[in-house]
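Coordinates in review
The lines below spell out each chain.
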Amino acid sequence: MKNCSMIKKKLSAILLIGGSGKRFGTASPKQYQLLVDKPVWIWAAQTLYATDGIDELIVVCDLAFCDTVLSDVEKYGLAERTHLTGGGATRQDSVLNGCLAATGDIVIIHDGARPFVPKSIAKAIRLISDSTDENYCVAMGLPVTDTLRNAKTYDTINRDELWKMQTPQLMYRSQLIKALHYCKENKIIVTDDVAAMHAIGCRLDFVVGSRDNLKMTTQDDLPFAEFIAKRLFDEQ
């Protein structure tokens, strides 16, 4: 009999590109804006699509942009293993839609507004794939290095155990669906997926992400993103 950890687990990457991006100040959402030579979301999509171990890519998008997304999927050679599904009213709803459209044992959730997926995703995939505990998740992040202060009391906050969260975040699909339903039923608002998993008692490991893994939020982020994109292009 094979050990459970030796059985190949199917991995589904879920890329969320359904946000409105109002703070970015453009007519169409930021994830569809060109970053050097291709849309912001395509940078992440191509990396996930080419990552060893990922079997399918689920793109969760606003149905109003479905034709644009389908065209880009074809244009950038992602059609064979990519599937589209509609987004929801909230991020939690969109993640749930992505999970229901996916077929993998494990899901890898990533924000389409983060174009530069860290290379350490390979380590995160190994950790989650080797685990036989379905109440387990892995998330990218960075240890906090700045001094933090409470704005009301002026007390310094101990940063030794604090991390800035990033995506990708990886977990067993069945457990994430359970966690999202639990949060919805109990009116718990979460801002990332490990928070939903934590709500049902799952444990978490951190993997150091990258400072390049910025989330594009306003126009101020664009020059840095362009700098990173051009550097990556030169390294090819």
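Everything discussed here concerns the structure shown above.
Let me sum up the structure you'll find in this document.

Reading the values: the criteria
Residues numbered from 1 in each chain as written. Predicted model: local features only at pLDDT ≥ 70, side-chain atom pairs only at ≥ 80, totals over all residues. Heavy atoms only, no water. Helix = DSSP H or I, 4+ residues; strand = E, 2+ residues; numbered from the N terminus. Buried < 20%, exposed > 50% of the residue type's maximum accessible area, 1.4 Å probe, protein only. Contact = heavy atoms within 4.5 Å. Areas by Shrake-Rupley, 256 points an atom, 1.4 Å probe, with all protein chains shown as cover. Salt bridge = Lys/Arg side-chain N within 4 Å of Asp/Glu carboxyl O. Phe/Tyr/Trp six-rings, centres within 6.5 Å; stacked < 30°, edge-to-face > 60°. Lys NZ or Arg CZ within 6 Å of the ring centre and 35° of its normal. Pairing = 2+ DSSP bridges. Axes fitted to C-alpha atoms, helices over the stretch in contact; angles between N-to-C directions. Left-handed = near helix turned anticlockwise from the far one by under 90°. Nonpolar A, V, L, I, M, F, W, Y, C, P; charged D, E, K, R; others polar.

**Thoughts on the overall build of the protein chain**
Scanning the protein chain from N- to C-terminus turns up seven helices and eleven strands. Its C-alpha atoms put the protein chain at 55 × 45 × 40 Å along the principal axes. Put simply, the protein chain has 236 residues, and 46% of those count as buried. Residue pairs at least 24 apart in sequence account for 73% of intrachain contacts in the protein chain once pairs closer than 6 positions are excluded. Summing over all exposed atoms, the protein chain offers an accessible surface of approximately 12,600 Å²; the carbon and sulfur share of this is 52%.

**Focus: the pattern of salt bridges**
Pairing between side chains of opposite charge can happen when their charged atoms approach one another. Per the counting criterion, the structure on display carries six salt bridges. Between Asp55 and Lys8 there is a salt bridge, and its shortest N-O distance comes to 3.2 Å. With Asp55 in strand β4 (residues 54–61) and Lys8 in the segment before β1 (11–16), this pair connects stretches of sequence that are 47 residues apart. A relative accessible area of 30% means that Asp55 is categorised as partly exposed. Between Arg231 and Asp212 there is a salt bridge, with the nearest N and O atoms lying 2.3 Å from each other. Of this pair, Arg231 sits in helix α7 (residues 222–235) while Asp212 sits in the loop between β11 (203–208) and α7, and the two are 19 residues apart along the sequence. For Arg231, a relative accessible area of 29% translates into the label partly exposed. Salt bridges sharing common partners tie together Arg91, Asp111 and Asp193.

**Quick notes on the packing of aromatic side chains**
Tallied over the entire structure, the rule returns three aromatic pairs. Consider the rings of Tyr32 and Phe65, whose centres lie 4.6 Å apart with planes at 20°: the pair is stacked. In this pair, Tyr32 sits in the loop between β1 and β2 (34–35) while Phe65 sits in the loop between β4 and α2 (66–75), placing the two residues 33 residues apart along the sequence. In this arrangement the basic side chain of Arg81 is found over the ring face of Tyr49, its NZ or CZ atom lying 4.0 Å from the centre.

**Some details on the sheet that holds strand β5 (residues 82–86)**
Read across the sheet, seven strands follow the order β5-β4-β1-β6-β10-β7-β11 without closing on themselves; strand pairing throughout is mixed. Whereas interior strands pair on both sides, the edge strands pair on one side only; in this sheet they are β5 and β11. Adjacent strand axes in the sheet meet at a mean angle of 30° when their direction is disregarded. Two strands pair when backbone bridges link them, and β4 and β5 are joined in this way by five bridges, in the parallel orientation. From the neighbouring strand, Leu57 faces β5, where its bridge partner is Thr82. Along the sheet face, helix α3 (residues 91–101) touches β1, β4, β5, β6 (106–111) and β10 (163–172) and points at about 145° away from the line of β1.

**Some details on the packing of α3 against helix α5 (residues 173–185)**
Look at α3 against α5: their axes get within 10 Å of each other, and the N-to-C directions meet at 145°. Two packed elements cross with a definite hand, and for α3 against α5 that hand is left-handed. Between α3, through Gln92, Asp93, Val95, Leu96, Cys99 and Leu100, and α5, the contact on the second element is made entirely by Arg173, Leu176, Ile177, Leu180, His181, Cys183 and Lys184. Classifying every residue of the contact of α3 with α5 gives eight nonpolar, two polar and three charged.

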